[in-house]
Amino acid sequence: MNRLVALTSVAVLVAASCGSGESIITAGKEPTVVTQPTQPPQITLAPGETLPVGETLPTVETTIAPTTTAALLDTLPDCPTEALAAASGPIELTFWHGMSGPLADELTKLANDYNAGQSKVHVTLIEGTYEQTIDKYLQSGQGNRPDLVQMPEYMVQTMVDTKSVVPVDACIESSGYDTSAFLPTVLDAWATQGVRWALPFNISNPVLFYNKRMFAAAGLDPDNPPASLDDLRADSEAIVSSGAAKYGISVDTNFDGGGGWYIEQWFAKAGEFYADNENGRTARATKVLYNNATGQSLMTFMQSMVTDGLAFNVGDNAGGLDHLLKLADSAEPAAMTIASSATIGGVLTVLDSGQFPQITNDDLGIAAMPGPDGKPGALVGGAALYVVDTGDDARTAASWDFITYLTAAQRQSEWSSVTGYVPVRTDALTLDPLQTTLTTDPRFKVAYDQLLSAPDVPTSLGPIVGPLREVRTVTASGVAAIFGGADVATSLATASAQSDALIADYNSRNG
């Protein structure tokens, strides 16, 4: 019963969290490939190093390599943003999103403030999980789709191939919208074929959650958490051998966690591509690349952590909470886990409630995700907002207006300070409440600094693969087998072959 109460309480708080100068992309009449703006800086942060609140690293000019089938913006649906001024209101918009619990409450608050602050547009929110929203969208005809929709980072190629959306680059060009305050790597996460397709709203990446009190009990420095995978093992050995905790770390095999998403993150940290054609960004991806020496070494390491009793595998973690709850297990706790930064706000709220006296708010440390050789950086996760092509100019313009409202600096400050999501723009860090939050609780800035520390190389942009959701799922099955003791090479080969077959089938239907 206690576990049921715990699950229910935490689920309500964190289950949904599972990514305005002229820096406008030139679209136009010239037969040239559209290029992208600056990528993440070449100057990076060292592991554990942070920047003062409001400061960012200098950027350098670079571009994404053009795709072999570049889509010029003038061949795609228009975004006549001037249509809003001429429209008679209110324009009724429907917005499908994947937030639930407190995240949905905060999004509803932002939407209500928008509706109350002007009379031209009224937005109605339709809530569902990411998976429910994806399936509903793909199974609906264009006439039954919403005016705008929130989709996670693994849906880029699929959304492009539906031919159902207005690319946000068209809206940026039409309105003269200033994107200079946005983090370039965040904007580029939703770019392919030379075009940005969606505007990021809720951004996250994996971070390390750890119990500082257990670190101290094991004779470890609680302010020096593991940066590399070797450090992770050494610290786990110290924690287990000292009796500070039963396990060093709890792991899972969820497709959006340790079974899928984290593998993409580790490959990026290792400076390697997860899929061919530079993660599907210079041409369509045709195969995955994780069945190599890096993948086998990584999975062998993780398997040994489980079989040696240093890591506890919570399984598929369908509710997204079991690995976190293991930190609060009164009988056989783990001292660490890796989870989305979007859960930070909810986890701290639960700890403040006193429900788990064995771990307090002050005990919880947040650090960068450990990776191969302790290399910094992280891929963009979370979700972005797509303008659906309804054929109605006024609704298109109204959708863009609402998107710019949600991604404005003040709204991002409010959203990030409550949830733990990474602000999509740098100027949000200079505004309250986020400025105060980051000053009083630097744990909320770890994920932001991880994005800034990503090296300026193509591998710092995640994979764009048509059936990436399905690829993650079959990969997760392989990881589950490995954690259960199956042969690493055979399991990776099987998962890789199944992933390649999924990609080939998808490309044959959408190429």
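One can find the structure itself at the top, above this paragraph.
Below or above, wherever it landed, is the structure these notes cover. (Residues numbered from 1 in each chain as written. Predicted model: local features only at pLDDT ≥ 70, side-chain atom pairs only at ≥ 80, totals over all residues. Heavy atoms only, no water.)

### Side note on the overall build of the protein chain
Logical step 1: On a plain count of helices and strands, the protein chain comes out with 20 helices and 13 strands.
Logical step 2: Buried residues in the protein chain amount to 58% of all 511 residues.
Logical step 3: When the accessible surface of the protein chain is split by element, carbon and sulfur atoms take 52% of a total near 18,500 Å². (Helix = DSSP H or I, 4+ residues; strand = E, 2+ residues; numbered from the N terminus. Buried < 20%, exposed > 50% of the residue type's maximum accessible area, 1.4 Å probe, protein only. Areas by Shrake-Rupley, 256 points an atom, 1.4 Å probe, with all protein chains shown as cover.)

### Here's the deal with unusual backbone geometry
Logical step 1: With an omega of 15°, the peptide bond between D432 and P433 qualifies as cis.
Logical step 2: Within the element layout of this structure, P433 appears in the loop between α16 (409–419) and α17 (434–440).
Logical step 3: One non-glycine residue with positive phi stands out, namely K163, at about 50°.
Logical step 4: Among the secondary structure elements, K163 is positioned in the loop between α5 (156–161) and β4 (165–166).
Logical step 5: Among the residues examined, K163 registers a relative accessible area of 69% and is labelled exposed.
Logical step 6: In this structure, D373 takes a positive phi of about 60° despite not being glycine.

### What to know about the environment of A480
Logical step 1: With respect to the helices and strands, A480 occurs in helix α19 (residues 468–483).
Logical step 2: A480 gets classed as partly exposed once you look at its relative accessible area, which sits at 33%.
Logical step 3: Separated by 165 residues in the primary sequence, A480 and G315 place their C-alpha atoms 7.2 Å from one another.

### Notes on the state of the cysteines
Logical step 1: Overall, the coordinates contain 1 disulfide when judged by the stated rule.
Logical step 2: Here C79 connects covalently by a disulfide to C171, the sulfurs 2.1 Å from one another. Its S-S torsion of approximately 95° makes the covalent link between C79 and C171 right-handed. Of this pair, C79 sits in the loop between α1 (2–14) and α2 (83–86) while C171 is found in helix α6 (residues 168–175), placing the two residues 92 residues apart along the sequence. (Disulfide = S-S within 2.5 Å.)

### Focus: the sheet that holds strand β9 (residues 247–251)
Logical step 1: Spatially, 5 strands are ordered β10-β9-β11-β8-β12 in an open sheet, and the strand pairing comes out mixed. Both edges of this open sheet fall to β10 (311–313) and β12 (364–368), since each of them pairs with a single strand only. Here the average twist between neighbouring strands, direction ignored, is 30°.
Logical step 2: Where β9 meets strand β11 (residues 334–340), 3 bridges bridge the pair, whose relative direction is parallel. Across the sheet, S250 pairs through a bridge with T337, a residue of β11.
Logical step 3: Those strands touched by helix α9 (residues 229–242) are β9 and β11, and its axis lies near 125° from that of β9. (Pairing = 2+ DSSP bridges. Axes fitted to C-alpha atoms, helices over the stretch in contact; angles between N-to-C directions. Contact = heavy atoms within 4.5 Å.)

### Brief notes about the pattern of salt bridges
Where charged atoms from two side chains of opposite charge approach closely, those side chains can pair.
Logical step 1: Scanning the entire structure with this criterion turns up 19 salt bridges.
Logical step 2: Ionic pairing is found between R472 and E153, a salt bridge with its closest N-O pair at 2.6 Å. In this pair, R472 is assigned in helix α19 and E153 in the loop between β3 (148–152) and α5, connecting sequence segments 319 residues apart. The exposure classification of R472 matches that of E153, with both residues buried.
Logical step 3: With its nearest N and O atoms 2.8 Å apart, the salt bridge here joins R443 to D441. Each of the two residues, R443 as well as D441, counts as buried. (Salt bridge = Lys/Arg side-chain N within 4 Å of Asp/Glu carboxyl O.)

### Topic: helix α3 (residues 101–117)
Logical step 1: Here α3 spans 24 Å end to end across 17 residues, near enough to the 24 Å set by a 1.5 Å rise per residue.
Logical step 2: Of all the residues in α3, the buried ones are L103, A104, E106, L107, L110, A111, Y114 and N115. (Expected span 1.5 Å × (residues − 1).)

### Examining the side chain of R281
Logical step 1: On the secondary structure map, R281 appears in the loop between α11 (276–280) and α12 (293–307).
Logical step 2: This buried residue, R281, is left without a salt bridge; D188 holds the nearest opposite charge, at 7.0 Å.
Logical step 3: Within the structure, R281 has its side chain in polar contact with the backbone oxygen of D188 (distance 3.0 Å). (Lys, Arg positive; Asp, Glu negative; His and termini not counted. Polar contact = N/O pair within 3.5 Å; in protein donor to acceptor, adjacent residues only side chain to side chain.)

### A few points about the nonpolar core
Logical step 1: Of all hydrophobic cores here, the largest spans 145 residues; its most connected members are F209 and Y386.
Logical step 2: Split by domain, the residues of this core number at least three in each of domain 1 (70–203 + 380–431) and domain 2 (206–377 + 462–510). (Core = buried A, V, L, I, M, F, W, Y, C linked by side-chain atoms within 4.5 Å. Domains from an automatic or database assignment.)

### Overview of the packing of aromatic side chains
Logical step 1: A full pass over the atoms with the stated rule returns 14 aromatic pairs.
Logical step 2: Ring centres of W96 and Y137 lie 6.4 Å apart, and the angle between their planes is 90°; on these two criteria the pair is classed as edge-to-face. You can see W96 sitting in strand β1 (residues 91–97) and its partner Y137 sitting in helix α4 (residues 130–139), a full 41 residues away along the chain. With respect to burial, W96 and Y137 carry one shared label: buried.
Logical step 3: Summarising the aromatic geometry, the rings of W261 and Y262 are spaced 6.0 Å apart at their centres and angled 40° between planes, so their arrangement reads as tilted.
Logical step 4: What makes W261 buried here is its relative accessible area of 3%. (Phe/Tyr/Trp six-rings, centres within 6.5 Å; stacked < 30°, edge-to-face > 60°.)

### Overview of the packing of α12 against helix α20 (residues 488–510)
Logical step 1: At a closest axis distance of 10 Å, the pairing of α12 and α20 adopts a crossing angle of 125°. It follows that α12 is oblique to α20 by the angle criterion. Judged by the sense of rotation from one axis to the other, the crossing of α12 with α20 is right-handed. Residues G295, Q296, M299, T300 and Q303 of α12 pack against V488, A489 and L492 of α20. (Parallel < 35°, antiparallel > 145°, perpendicular 65-115°, else oblique. Left-handed = near helix turned anticlockwise from the far one by under 90°.)

### As for a negative patch on the surface
Logical step 1: Together, D74, D78, E82, E173, D392 and D393 make up a region of like negative charge exposed at the surface.
Logical step 2: Tracing the chain through its elements places D393 in helix α15 (residues 393–406).
Logical step 3: Among the residues examined, D393 registers a relative accessible area of 44% and is labelled partly exposed. (Patch = residues over 30% accessible without salt bridge, like charges linked within 9 Å, V, L, I, M, F, W, Y side chains within 5 Å. Charge placed at Lys NZ, Arg CZ, Asp CG, Glu CD.)

Purely geometric stuff here, so don't read any function into it on its own.
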